Amino acid sequence: MNKVRFYSGEAIPVEMHKVRIVQKLSLLTIGERLTAIQMAGNNTFLLRNRDVYLDMLTDSGVNAMSDRQLAAMMEADDSYAGSETFAKLEAKCTELFGTKYFLPAHQGRACEHILAKAFVTPGSVVPMNYHFTTTKAHITLCGGSVVETPIDEAYQIASTYPFKGNMGIDKLRRAVEEHGAGRIAFVRMEAGTNLIGGQPFSLGNLEQVKALCDQFGIPLILDASLLADNLYFIKEREEKYKDWSVSKIARRICALSDIIYFSGRKLGCARGGGIMTSNEEYYQKLREFIPLYEGFLTYGGMSVREMEAMAVGLEETMELDMISHGPQFIAYMAGELEKRGIPVVTPPGGLGCHLDAMAFVDHLPQEQYPAGALAAALYLASGVRGMERGTLSEQREPDGSERLADMELLRLALPRRVFTLSQVKYTVDRICWLYENRRLIGGLKFVEEPATLRFFFGRLAPLSDWQEKLAAKYRADLGEY
Ligand code: F0G
């Protein structure tokens, strides 16, 4: 898709695939949307999908599958032990990533659970370029703690820095020296760093991280869930590697990592997950946990059909046409919003377009969950479901005080190959309306707050009747839809 240049000079992303299976959508009226979001406790995770017009909650498990993936699912070999499908998937991972062993797990957080069980003990420290919600929860449940040592640019919402997911090498060195290498369970690098807006690391930076880990004898673990986006950005933005093929870049990244794990709900456009390594000792250590928590070693909680689809999906991830679709649609969406003065994360990353809620609703204090309030307001104004990535997604400190997030983002995920450009334009239009009317958006408070990963099930209430007022203004300006 990045091959096409327009005669008119316009910059429109063009798909290198066509839609052959469709799913009907419905758009509720503004009144029905008001009821739906209030029934959902103002938490977009608790909305029913039938009440959602465009589901931009996540890319997890909802990427469009290819005809080749669907065809592969028909020849899956089902058996508890020794499945041919597993052998095929393991061989495909070796071919694509150069790793010797593949340990299957039912999804990404299952890999994190096993890695935390194997490496983290009370008092352990895990430095990383940035945390992810489930990763941090598993590390802290095992008695460890997370320290974030990204470059300073990671925290700048509006920037031109191409690799905001880079590790701050000096900060990492200081963290290792401060805690002592013996207490560092592992260093974790996250590809396409999720919580700071799908931002990539550079291959040059990963090389420096690996050199430092080797110097101190610390394992380097790569979270490759968003590797597809990161591969695209290395090819596009890192001069030194612009002539490398996608698969050569992928193999180099994996050669630098002692262990690689991923959510197959994201990478590979299927549903599942896995851990890869070439290190015999790590393999033996991790292997024990698979039958205990996931399933036998040749399925690990996955359906064999999904494993077949994953093998094909991983192979397709090495195609530039495939991996460029998401980032280019996201760049288009972020660009259209930026043109209209709406605050978004820049440079645009992978995964989704991220609105800067702290600037969008700058009249709301962080204690009133601006990104959560914006997520509820955008659903009201459009039927689009986004995901809060801010203070609601944090856990309280051990003393019960609120831990304010570094950023308050509303993520509008664009699952791969799912939405059309007109749907993206509709979303941009409704965000513009909301921005004009942003002063009507009020805060939220918890009415039910779970202790762990509260953003999944927590219920919130508006602090005033702002939602009724916003709905009335919408009806006056745009009618029922
Ligand atoms: N690591 C990263 C970077 C992720 O983005 C996710 C999931 C996981 C690990 C866990 O994988 O969901 O298969 O258990 N991210 C999803 C999201 C949930 O919506 O961003 P999982």
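Note that this is a predicted model, so its numbers are computed, not measured. (Residues numbered from 1 in each chain as written. Predicted model: local features only at pLDDT ≥ 70, side-chain atom pairs only at ≥ 80, totals over all residues. Heavy atoms only, no water.)

## Considerations on the pattern of salt bridges
Link 1 in the chain: Per the counting criterion, the structure on display carries 35 salt bridges.
Link 2 in the chain: A salt bridge links R271 to E306; the nearest nitrogen and oxygen atoms lie 3.1 Å apart. Within this pair, whereas R271 is found in the loop between β7 (259-263) and β8 (273-277), its partner E306 is found in helix α12 (residues 304-316), the two being separated by 35 residues in sequence.
Link 3 in the chain: With relative accessibility at 14%, the residue E306 sits in the buried group.
Link 4 in the chain: Within the structure, one salt-bridge network assembled from shared partners comprises R68, K92, E95, E315 and E316. (Salt bridge = Lys/Arg side-chain N within 4 Å of Asp/Glu carboxyl O. Helix = DSSP H or I, 4+ residues; strand = E, 2+ residues; numbered from the N terminus. Buried < 20%, exposed > 50% of the residue type's maximum accessible area, 1.4 Å probe, protein only.)

## Overview of the packing of helix α15 (residues 370-382) against helix α16 (residues 421-436)
Link 1 in the chain: Look at α15 against α16: their axes get within 9 Å of each other, and the N-to-C directions meet at 115°. Between α15 and α16 lies a crossing whose hand is right-handed. Here L374, A377, L378, A381 and S382 of α15 lie close against α16, whose contacting residues are Y426, R430, I431, W433 and L434.
Link 2 in the chain: Tallied by class, the residues present in the contact of α15 with α16 amount to 8 nonpolar, 1 polar and 1 charged. (Axes fitted to C-alpha atoms, helices over the stretch in contact; angles between N-to-C directions. Left-handed = near helix turned anticlockwise from the far one by under 90°. Contact = heavy atoms within 4.5 Å. Nonpolar A, V, L, I, M, F, W, Y, C, P; charged D, E, K, R; others polar.)

## Some details on the site of the ligand
Link 1 in the chain: In the vicinity of the ligand lie 16 residues, with T58, R109, D223, S263 and R411 positioned nearest.
Link 2 in the chain: Contact distances for the ligand include 2.8 Å between an oxygen atom and a side-chain N or O atom of Q107.
Link 3 in the chain: A distance of 3.0 Å separates an oxygen atom of the ligand from a polar side-chain atom of K266.
Link 4 in the chain: A total of 470 Å² of accessible area belongs to the ligand in isolation, and the protein chains cover 96% of it. (Near = heavy atom within 4 Å. Polar contact = N/O pair within 3.5 Å; in protein donor to acceptor, adjacent residues only side chain to side chain. Areas by Shrake-Rupley, 256 points an atom, 1.4 Å probe, with all protein chains shown as cover.)

## Things to note about the sheet that holds strand β9 (residues 352-356)
Link 1 in the chain: With antiparallel pairing, the 3 strands of this open sheet are ordered in space as β9-β12-β11. The open sheet has two free edges, formed respectively by β9 and β11 (387-389), since each of these has just one partner strand. Ignoring which end each strand starts from, the neighbouring axes of this sheet average 30° apart.
Link 2 in the chain: With 5 bridges connecting them, β9 and strand β12 (residues 409-413) associate as antiparallel partners. Following the sheet pairing, C353 is matched in β12 by L412.
Link 3 in the chain: Along the sheet, helix α13 (residues 320-339) contacts β9 and β12; its crossing angle with β9, the most-contacted strand, is approximately 25°. (Pairing = 2+ DSSP bridges.)

## Things to note about the domain arrangement of the protein chain
Link 1 in the chain: Domain assignment breaks the protein chain into domain 1 (2-59 + 320-478) and domain 2 (67-316).
Link 2 in the chain: Look at where the C-alpha atoms of domain 1 and domain 2 centre, and you get two points 27 Å apart.
Link 3 in the chain: When the two sides are added together, the surface that domain 1 and domain 2 hide from each other amounts to roughly 2,900 Å², 57% of it contributed by carbon and sulfur.
Link 4 in the chain: Sorting the residues of domain 1 by area buried against domain 2 places I323, P347 and M407 first, and these three jointly supply 20% of that buried surface.
Link 5 in the chain: At the junction of domain 1 and domain 2, the tally comes to 4 salt bridges. (Domains from an automatic or database assignment. Buried area = accessible area lost by both parts, 1.4 Å probe.)

## Quick word on helix α9 (residues 246-256)
Link 1 in the chain: Of the residues making up α9, those classed as buried are V246, I249, A250, I253, C254 and L256. Looking straight down α9, one finds its buried side chains confined to an arc of 160°; they lie on one side.
Link 2 in the chain: Buried-residue contacts for α9 involve α3 (84-97), α7 (203-216), β6 (220-223), α8 (227-237), β7 and α13. (Arc of directions from axis to C-beta.)

## What to know about the side chain of Q199
Link 1 in the chain: Inspection of the secondary structure puts Q199 in the loop between β5 (187-190) and α7.
Link 2 in the chain: Separated by 3.2 Å, the side chain of Q199 and the backbone oxygen of G197 make a polar contact.
Link 3 in the chain: Q199 has contacts with K164, G165, G192, T193, V345, P347, P348 and G349, leaving out every residue within four places of it along the chain.

## Let's talk about the layout of surface pockets
Link 1 in the chain: Put simply, the largest pocket is a space of about 1,300 Å³.
Link 2 in the chain: Taken together, 37 residues make up the lining of the largest pocket; nearest its centre are I21, A64, M65, R417 and V418.
Link 3 in the chain: Counting only elements with at least two residues in the lining of the largest pocket, the list comes to β1 (54-55), α2 (67-73) and α13.
Link 4 in the chain: When residues of the lining of the largest pocket are assigned to their parent elements, the largest contribution, 3 residues, is made by α2.
Link 5 in the chain: Taken together, the residues of the lining of the largest pocket sort by class into 16 nonpolar, 9 polar and 12 charged.
Link 6 in the chain: Reported here for the second largest pocket is a volume of approximately 490 Å³.
Link 7 in the chain: Residue composition of the lining of the second largest pocket, by class: 10 nonpolar, 9 polar and 10 charged. (1 Å grid on protein atoms, 1.4 Å probe; cavity = no way out; pocket = protein on both sides within 12 Å on 5 of 7 lines; lining within 4 Å. Points joined across faces, edges and corners; volume = space filled by probe spheres on them.)

## A short note on the packing of aromatic side chains
Link 1 in the chain: Going through the model one piece at a time under the given rule, you end up with 19 aromatic pairs.
Link 2 in the chain: Centre to centre, the rings of F119 and F186 are 5.8 Å apart; their planes meet at 80°, and the pair counts as edge-to-face. You can see F119 sitting in helix α4 (residues 108-119) and its partner F186 sitting in the loop between α6 (169-179) and β5, a full 67 residues away along the chain. Note on accessibility: F119 and F186 belong to one class, buried.
Link 3 in the chain: An angle of 80° between the planes, with centres 5.2 Å apart, marks the rings of W433 and Y474 as edge-to-face. Of this pair, W433 sits in helix α16 while Y474 sits in helix α18 (residues 466-478), and the two are 41 residues apart along the sequence. No difference in accessibility class separates W433 from Y474, as the two residues are buried.
Link 4 in the chain: Three or more aromatic residues joined by ring pairs make a cluster, and in this case those are F45, F455, F456 and F457. (Phe/Tyr/Trp six-rings, centres within 6.5 Å; stacked < 30°, edge-to-face > 60°.)

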